[in-house]
Amino acid sequence: MFLSQNSTVPDEIIKTKFILDETHDKVRDLSHDLLPTLLVRFGLLYALDDLCEKYSNSTLHFEYQNTISSKKRYAEKFETRLYFIISELLNNIIKHSKATRAEVSLSETENHKHLIIKITDNGKGFDINDFNFVEGFGLNQIKARINNLNGQFDVKSKINEGTSIKITVPLDD
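Thoughts on the overall build of the protein chain
Reasoning step 1: Helix and strand content of the protein chain: seven helices and five strands.
Reasoning step 2: The helix and strand sequence of the protein chain, counted from the amino end, reads α-α-α-α-β-α-β-β-α-α-β-β.
Reasoning step 3: Relative to its length of 173 residues, the protein chain is compact, with a C-alpha radius of gyration of 17 Å against a globular reference of 16 Å.
Reasoning step 4: The burial tally for the protein chain puts 38% of its 173 residues in the buried class.
Reasoning step 5: At a minimum sequence separation of 6, the contacts of the protein chain that also span at least 24 residues come to 67%.
Reasoning step 6: When the accessible surface of the protein chain is totalled, it reaches about 10900 Å², and 51% of it is carbon and sulfur.
Reasoning step 7: Here the protein chain contributes 22 positive and 25 negative side-chain charges, whose respective centroids are spaced 2 Å apart.

Observations regarding empty space enclosed by the protein
Reasoning step 1: Going through the model one piece at a time under the given rule, you end up with one cavity of 30 Å³ or more.
Reasoning step 2: Approximately 180 Å³ is the volume found for the largest cavity.
Reasoning step 3: Of all elements in the fold, only α5 (76-97), β3 (114-121) and β5 (162-170) reach the threshold of two or more residues within the lining of the largest cavity.
Reasoning step 4: Element by element, the count of residues in the lining of the largest cavity is highest for α5, at five residues.
Reasoning step 5: Broken down by class, the residue content of the lining of the largest cavity amounts to eight nonpolar, seven polar and two charged.

A word on the pairing of strand β4 (residues 152-158)
Reasoning step 1: Of the two faces of β4, the one lined by Phe153, Val155 and Ser157 is fully buried and the one lined by Gln152, Asp154, Lys156 and Lys158 carries no buried residue.
Reasoning step 2: For β4 and β5, the ladder comprises seven bridges, and the chain directions are antiparallel. Bridge assignment links Val155 to a residue of β5, and that residue is Ile165.
Reasoning step 3: Counting the residues in the hairpin turn of β4 and β5 gives three residues, including Asn160, whose phi is positive at 65 degrees.

A word on the side chain of Glu108
Reasoning step 1: If you trace the backbone, Glu108 turns up in strand β2 (residues 101-108).
Reasoning step 2: Side chain to side chain, Glu108 and Tyr74 meet in a polar contact 2.6 Å long.
Reasoning step 3: Among the polar contacts listed, one links the side chain of Glu108 to the side chain of His112, at a separation of 2.6 Å.
Reasoning step 4: Discounting chain neighbours no more than four positions away, the residues touching Glu108 are Thr67, Ile68, Lys72, Tyr74, His114, Leu115 and Leu171.

As for the sheet that holds β5
Reasoning step 1: If you trace the five strands from one edge of the open sheet to the other, you get β1-β2-β3-β5-β4, paired in mixed fashion. Unpaired on one side and paired on the other, β1 (61-66) and β4 mark the two borders of the sheet. The sheet shows a mean angle of 10 degrees between the axes of neighbouring strands, direction not considered.
Reasoning step 2: Note: β2 against β3, seven bridges, orientation antiparallel. Its bridge partner lying in β3, Ala102 is registered against Asp121.
Reasoning step 3: Where α5 meets the sheet, it contacts β1, β2, β3, β4 and β5, and its direction lies at approximately 10 degrees from that of β3.
Reasoning step 4: Sheet strands in contact with helix α7 (residues 139-148) are β4 and β5, and its direction is about 150 degrees off that of β4.

What counts, and at which threshold
- Residues numbered from 1 in each chain as written.
- Predicted model: local features only at pLDDT ≥ 70, side-chain atom pairs only at ≥ 80, totals over all residues.
- Heavy atoms only, no water.
- Helix = DSSP H or I, 4+ residues; strand = E, 2+ residues; numbered from the N terminus.
- Rg over C-alpha atoms; globule rule 2.2 N^0.38 Å.
- Buried < 20%, exposed > 50% of the residue type's maximum accessible area, 1.4 Å probe, protein only.
- Contact = heavy atoms within 4.5 Å.
- Areas by Shrake-Rupley, 256 points an atom, 1.4 Å probe, with all protein chains shown as cover.
- Lys, Arg positive; Asp, Glu negative; His and termini not counted.
- Charge placed at Lys NZ, Arg CZ, Asp CG, Glu CD.
- 1 Å grid on protein atoms, 1.4 Å probe; cavity = no way out; pocket = protein on both sides within 12 Å on 5 of 7 lines; lining within 4 Å.
- Points joined across faces, edges and corners; volume = space filled by probe spheres on them.
- Nonpolar A, V, L, I, M, F, W, Y, C, P; charged D, E, K, R; others polar.
- Pairing = 2+ DSSP bridges.
- Polar contact = N/O pair within 3.5 Å; in protein donor to acceptor, adjacent residues only side chain to side chain.
- Axes fitted to C-alpha atoms, helices over the stretch in contact; angles between N-to-C directions.

In short, shape yes, function no, at least from these values alone.
Below, the structure written as structure tokens:
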């Protein structure tokens, strides 16, 4: 907030911002090594709702929508993988998009064979054909992780119009 409201920025603020960014990355990496308690106790749907609430702040609001019963549970390994994939995508929004609003929605297909996750934001968007840009967001690694779940990963983005991601993964009976 300070950086956006002041034309001159003291070196201390620049250094502090660098330290905070570095600390954020380290904490994120550490958290990826830990299994969130909410995820284990209450499941993916509840944990994602909580994640959206935690990530929302005065400049960016994460809306969570879910048409699946919040009591529904999937296999623990499946929930864990999806939780970390979605968490990484939300971190990308926070870090890179300059969005003011983002939405995470979950639904199942009518036949309950697939889980559909949509993540959208109203941020600055990017050129999906720019390999270096996509690599910087780790989207290729996320796509590989979705492929390991036999799922589909579709990204649409337009400069100054935001980004839309759709993940479709099969549900085992």
